[in-house]
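Architecture and fold: a report
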Amino acid sequence: MLGLVILALCLLASARISEAYPATLLAGLPRIGEYFSRITPALRWDALLAGVEMEGSLAFWMYRLDSWAWLLFETANMAALATLAGAGAALLLAFPAARNLGAGRVLNPLARRLLEAMRTVPEIVFALIFVWAFGVGPLAGILAIAVHTAGACGKLFAESIENTGLGAWAGVRSAGGSWTQACRFAILPQVAPSLLSYALLRFEINLRSASVIGFVGAGGIGEELYKVIAFNYYEEISAILLLVILAVFAIDLLSERLRHRVIGGMQ
């Protein structure tokens, strides 16, 4: 009971400091509903399947589908490249970051602090830095997401390694294998299914991140979404959001199938 009272007091204090007042929340909720009503397309059943010239049709609502689809494809490519690069860097850093593999008093904390630094800074901050360095375009977005992915996946990879039994590790080391060979042949085969699952999950997250960092000029569908929000093109906002949601659904289904197929083949 004492712990619950302390928790309640801490929540009340944090709400007061952050000005999260119930009255403000209740006053803003109707405005959220008003905004959603603005972005809802004015579709009509009698004109639903008509051409692009007919107001109230799906074609009229999605009149820039070809352009948005290409930007969404670019966003998915950004997420895929960033996930591949970030997961590769995370894999290299996870082994020295794992406490149970004895990487050394210097290398282990250095790897852990590096992973913490990479995942602490938000992707959008990295995107601002890389846009300044490399200019506006997808490259800045790919690098920003890759750095954050390396930090986030590195922590998960290292925890998977720490939860792995060391029997095979001891066998490789006792047979004269080096530390690197023991990581490759004793630990990696055991943790590969978990690492793949984490990487595929991160790919889904990175698709959403790639859509957001376009707000700062890092390429993809995010730039177009920022423009339509800035100019209050309400129906275009809902069209782009729907395409992003459908893309995430599709990637989620494909990732799940791939994960089960690969993991099933390894067992």
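Residues numbered from 1 in each chain as written. Predicted model: local features only at pLDDT ≥ 70, side-chain atom pairs only at ≥ 80, totals over all residues. Heavy atoms only, no water.

**Quick look at the overall build of the chain**
Looking only at helices and strands, one finds eleven helices and zero strands in the chain. Secondary structure elements of the chain, listed N to C terminal, follow the sequence α-α-α-α-α-α-α-α-α-α-α. In terms of overall size, the chain is more extended than a compact globule, its C-alpha atoms giving a radius of gyration of 24 Å where 267 residues would be expected to give roughly 18 Å. Judged by the C-alpha coordinates and their principal axes, the chain covers about 75 × 50 × 40 Å. Each of the 267 residues in the chain was classed as buried or not, and the buried ones make up 37%. Sequence-distant contacts, at least 24 apart, represent 67% of the contacts inside the chain between residues at least 6 apart. Element-wise, carbon and sulfur atoms account for 69% of the exposed surface of the chain, whose accessible area totals about 15700 Å². (Helix = DSSP H or I, 4+ residues; strand = E, 2+ residues; numbered from the N terminus. Rg over C-alpha atoms; globule rule 2.2 N^0.38 Å. Buried < 20%, exposed > 50% of the residue type's maximum accessible area, 1.4 Å probe, protein only. Contact = heavy atoms within 4.5 Å. Areas by Shrake-Rupley, 256 points an atom, 1.4 Å probe, with all protein chains shown as cover.)

**What about unusual backbone geometry?**
We note that Glu19 has phi near 60°; this positive angle belongs to a residue other than glycine. Mapped onto the elements of the fold, Glu19 is located in the loop between helix H1 (2-17) and helix H2 (22-39). When its relative accessible area of 55% is taken as the criterion, Glu19 is described as exposed. Phi is positive for Asn232, close to 55°, though the residue is something other than glycine. Considering the arrangement of structural elements, one finds Asn232 in the loop between helix H10 (221-230) and helix H11 (234-266). Taking the relative accessible area as the measure of exposure, Asn232 reaches 41% and is therefore partly exposed.

**Focus on the packing of helix H5 (residues 107-120) against helix H7 (residues 138-162)**
Packing of H5 against H7 brings their axes to within 7 Å, and their N-to-C directions diverge by 135°. In terms of orientation, H5 and H7 fall into the oblique class. In the crossing of H5 with H7, the sense of the turn from one axis to the other is left-handed. Across the interface between the two elements, Arg112, Leu115, Met118 and Arg119 from H5 touch Val147, His148, Ala150, Gly151, Ala152, Gly154, Lys155 and Glu162 from H7. (Axes fitted to C-alpha atoms, helices over the stretch in contact; angles between N-to-C directions. Parallel < 35°, antiparallel > 145°, perpendicular 65-115°, else oblique. Left-handed = near helix turned anticlockwise from the far one by under 90°.)

**Brief notes about the nonpolar core**
Core analysis: the biggest nonpolar cluster contains 21 residues, and Phe95, Leu101, Phe157, Ile161, Trp169 and Ile187 have the highest contact counts within it. When residues of this core are traced back to their parent elements, those giving at least two are helix H4 (65-97), H5, H7 and helix H9 (179-213). Setting aside residues up to four positions removed in sequence, Leu101 forms contacts with Phe95, Ile161, Leu166, Trp169, Trp179, Cys183 and Ile187. Within the second largest apolar cluster, 20 residues are counted, among which are Trp61, Met62, Ile237 and Val248. (Core = buried A, V, L, I, M, F, W, Y, C linked by side-chain atoms within 4.5 Å.)

**Things to note about H10**
An α-helix turns once every 3.6 residues. As a result, residues three or four positions apart point the same way. Where H10 is concerned, the buried positions are Ile221, Gly222, Glu224, Leu225 and Val228. Buried residues along H10 cover an arc of 160° about the axis, so they all sit on one side. Of the residues one or two after H10, Asn232 is the one with positive phi, at around 55°. (Arc of directions from axis to C-beta.)

**Thoughts on the environment of Leu110**
Structurally, Leu110 is set in helix H5. By relative accessible area, which is 55% here, Leu110 ends up exposed. Sequence separation of Leu110 and Pro96 is 14 residues, and the distance between their C-alpha atoms is 8.8 Å.

**Considerations on the state of the cysteines**
Evaluation of the coordinates by the stated rule reveals zero disulfides. Between Cys153, a cysteine without a disulfide, and Cys183, which holds the nearest cysteine sulfur, the sulfur-to-sulfur distance is 18 Å. (Disulfide = S-S within 2.5 Å.)

**A short note on the side chain of Ser57**
Along the chain, Ser57 turns up in the loop between H2 and helix H3 (58-61). According to the relative accessible area criterion, Ser57 is buried, its value standing at 0%. Leaving out residues up to four positions away in the same chain, Ser57 has contacts with Leu43, Ala47, Leu48, Ala50 and Gly51.

**Examining the packing of aromatic side chains**
In this structure the tally under the stated criterion is seven aromatic pairs. Centroid distance Phe126 to Phe130: 6.4 Å. Interplanar angle 20°. Geometry classified as stacked. With Phe126 and Phe130 both in helix H6 (residues 123-134) and four residues apart, the pair spans about one turn of that helix. Phe126 sits in the buried class, given a relative accessible area of 13%. Note on Phe130: relative accessible area 17%, which makes it buried. Through a chain of ring-to-ring contacts, the aromatic side chains of Phe126, Phe130 and Phe134 assemble into a single cluster. (Phe/Tyr/Trp six-rings, centres within 6.5 Å; stacked < 30°, edge-to-face > 60°.)

**Side note on the environment of Leu91**
Here Leu91 is to be found in helix H4. Overall, Leu91 belongs to the partly exposed group, its relative accessible area being 27%. Among residues more than four places away in sequence, those in contact with Leu91 are Phe157, Leu188 and Leu195.

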